[in-house]
Amino acid sequence: MASSTTFTKRSWRSNWRKWCTYTTMAGFFLAGGVEYSVILPTMWDYLQSMHGKEWLYGLSLSAFSISNLVTGPIYGVLFDRTHSTKLIILFANLFEIGGV
């Protein structure tokens, strides 16, 4: 009887960890999707209200890709050295929230 109780507790913990992982991943991708579906379409109107030029809009759009180009290899090297995905994702999320 004790072994089945232990198995149930382990199974519950395993399901809880999976649920937390999936929820965290969904939140991460939702935040990235909101960035592309809310900020980018309204950026042109915002730049026009500030009398911005077309090249500034292009520069703003390319900044998203350039930041991924620069930070991707940095995060890769950090993972190769530390093997800690939690720390890297936390670090990346703090930069995304802070707007750096």
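In case you missed it, the structure is sitting above this.
If you're wondering where the values come from, they're calculated on a predicted model, not measured in any experiment.

Engineer: Sorry if this is basic, but what is going on with a nonpolar patch on the surface here?
Structural biologist: Taken together, the side chains of I66, L69, V70, I74, L78, F91 and F95 present a nonpolar region at the surface, about 640 Å² in accessible area. Those elements giving two or more residues to the nonpolar patch turn out to be α2 (54-82) and α3 (85-98). Examining the composition of the nonpolar patch, we find that 5 residues originate from one element, α2, more than from any other. Looking at where F95 falls in the secondary structure, it is placed in helix α3. Overall, F95 belongs to the partly exposed group, its relative accessible area being 32%.

Engineer: So what exactly am I meant to see when it comes to the packing of aromatic side chains here?
Structural biologist: Under the criterion given, the structure shown has 4 aromatic pairs. Where W16 meets W19, the ring centres are 5.3 Å apart and the plane angle is 25°; that geometry is what we call stacked. Of this pair, W16 and W19 both sit in helix α1 (residues 2-49), 3 residues apart, which is roughly one turn of the helix. Counting every residue linked through ring pairs, the aromatic cluster contains Y75, F91 and F95.

Engineer: What is the right way to look at the packing of α2 against α3 in this model?
Structural biologist: Each pair of packed helices can be described by the angle between their axes along with the distance between the axes. Two elements in contact, α2 and α3, have axes separated by 9 Å at closest approach and are oriented at 150°. Taken together, the axes of α2 and α3 are roughly antiparallel relative to one another. Every pair of crossing elements has a handedness; the one defined by α2 and α3 is right-handed. Counting all contacts with α2, which are made through Y75, L78, F79 and T82, the residues of α3 involved are T85, I88, F91, A92 and F95.

Criteria and thresholds
Residues numbered from 1 in each chain as written. Predicted model: local features only at pLDDT ≥ 70, side-chain atom pairs only at ≥ 80, totals over all residues. Heavy atoms only, no water. Patch = residues over 30% accessible without salt bridge, like charges linked within 9 Å, V, L, I, M, F, W, Y side chains within 5 Å. Areas by Shrake-Rupley, 256 points an atom, 1.4 Å probe, with all protein chains shown as cover. Salt bridge = Lys/Arg side-chain N within 4 Å of Asp/Glu carboxyl O. Helix = DSSP H or I, 4+ residues; strand = E, 2+ residues; numbered from the N terminus. Buried < 20%, exposed > 50% of the residue type's maximum accessible area, 1.4 Å probe, protein only. Phe/Tyr/Trp six-rings, centres within 6.5 Å; stacked < 30°, edge-to-face > 60°. Axes fitted to C-alpha atoms, helices over the stretch in contact; angles between N-to-C directions. Parallel < 35°, antiparallel > 145°, perpendicular 65-115°, else oblique. Left-handed = near helix turned anticlockwise from the far one by under 90°. Contact = heavy atoms within 4.5 Å.

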